Amino acid sequence: PPTNQTGSISGRVMSDSIQTIQSSTTKGVPNASVYVEGTEQKNLTDSEGNFTLTNIPVGSQILIAEKANANGKNFKLRESVTVIDGETVDIKSLLLKETGVIFGRATLSEQSQHLGIDIFISGTTMIAKTDAKGNFQIPDVPVGKYTVSTTKVGYLPQETNDVEVGSGLATQVSDFVLIEDKNTD
């Protein structure tokens, strides 16, 4: 009978944030949450920042590590990992950085009420909905470049590429104006 092909991922979650006055070197982050997006596989790092996740489906997976500091600021990273059947992929060290925010406005053409437009970061589970004025905010976005997309039933989807999110920063995307899809029944 065919078996489910799985592998493991191990590594160390690090931070370059200055933790104490005496030490500004990169160090392991204890008790950070590490998981594979879209699976139940989750673990916490040990006192040195080390982790291992087992029974991960083979293929390309998105690994996420996150932790909030004492001030409530979120630190997070996303890393693409290729899992190989029966093997442990050692990704060495992962550097946590403070997350950013993507915000903006999406409206429906020729409408005055813009509630419930889905705004999402393509290839992730990060999503937001617009308020009645069309404003949206996607919090806790790891540092990186993303494509931000919109969708609403009965309207043509739109996207903006190369949205750059910086550590601890709020990034505004250009306004989206969704046009009614004349081809829907």
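Above this text you will find the structure in question.
Cut-off values and rules
Residues numbered from 1 in each chain as written. Predicted model: local features only at pLDDT ≥ 70, side-chain atom pairs only at ≥ 80, totals over all residues. Heavy atoms only, no water. Helix = DSSP H or I, 4+ residues; strand = E, 2+ residues; numbered from the N terminus. Buried < 20%, exposed > 50% of the residue type's maximum accessible area, 1.4 Å probe, protein only. Contact = heavy atoms within 4.5 Å. Areas by Shrake-Rupley, 256 points an atom, 1.4 Å probe, with all protein chains shown as cover. Lys, Arg positive; Asp, Glu negative; His and termini not counted. Charge placed at Lys NZ, Arg CZ, Asp CG, Glu CD. Pairing = 2+ DSSP bridges. Phe/Tyr/Trp six-rings, centres within 6.5 Å; stacked < 30°, edge-to-face > 60°. Lys NZ or Arg CZ within 6 Å of the ring centre and 35° of its normal. Salt bridge = Lys/Arg side-chain N within 4 Å of Asp/Glu carboxyl O.

## Concerning the overall build of the protein chain
On a plain count of helices and strands, the protein chain comes out with zero helices and 16 strands. For the protein chain, with 185 residues in total, the buried portion stands at 39%. By sequence separation, contacts in the protein chain at least 24 residues apart represent 56% of the contacts at least 6 residues apart. When the accessible surface of the protein chain is split by element, carbon and sulfur atoms take 47% of a total near 10,600 Å². When the 15 basic and 22 acidic side-chain charges of the protein chain are each reduced to a single mean position, those positions are 7 Å apart.

## Quick look at unusual backbone geometry
Phi is positive for N55, which is not a glycine, with a value near 55°. Among the structural elements, N55 can be located in strand β5 (residues 50–57).

## A few points about the pairing of strand β1 (residues 6–15)
Of all 10 residues that make up β1, eight are buried, and the element is covered over most of its length. In terms of strand pairing, β1 meets β5 through six bridges, oriented antiparallel. Of the residues in β5, the one forming a bridge with T6 is P57. Direction of pairing for β1 relative to strand β8 (residues 88–98): parallel, over a ladder of seven bridges. Within β8, the residue paired with S15 across the bridge is L96. Note that β1 and strand β2 (residues 27–28) share two bridges and pair antiparallel. Bridge pairing in β2 places M14 opposite G28.

## Digging into the packing of aromatic side chains
Summed over the entire model, instances satisfying the criterion amount to zero aromatic pairs. In this structure, K42 is placed above the aromatic ring of Y35, and the distance from its NZ or CZ to the ring centre is 5.3 Å.

## Regarding the pattern of salt bridges
All chains considered together, the criterion is met by six salt bridges. For the salt bridge of E48 with R12, the shortest nitrogen-to-oxygen distance reads 3.8 Å. One end of the pair, E48, is in the loop between β4 (42–44) and β5; the other, R12, is in strand β1, and 36 residues separate them in sequence. The partly exposed category is assigned to R12, whose relative accessible area is 26%.

## Looking at the side chain of T147
With respect to the element layout, T147 can be found in strand β13 (residues 144–151). In this view, T147 contacts F120, I121, S122, E159, T160 and N161; residues no more than four positions away in its chain are not counted.

## Some points on the pairing of strand β10 (residues 118–121)
A regular strand carries its side chains on alternate faces of the sheet. Here β10 pairs with strand β11 (residues 127–129) via three bridges, running antiparallel. Bridge assignment links F120 to a residue of β11, and that residue is I127. Two successive antiparallel strands, β10 and β11, enclose a turn made up of five residues, where G123 displays a positive phi of approximately 80°.

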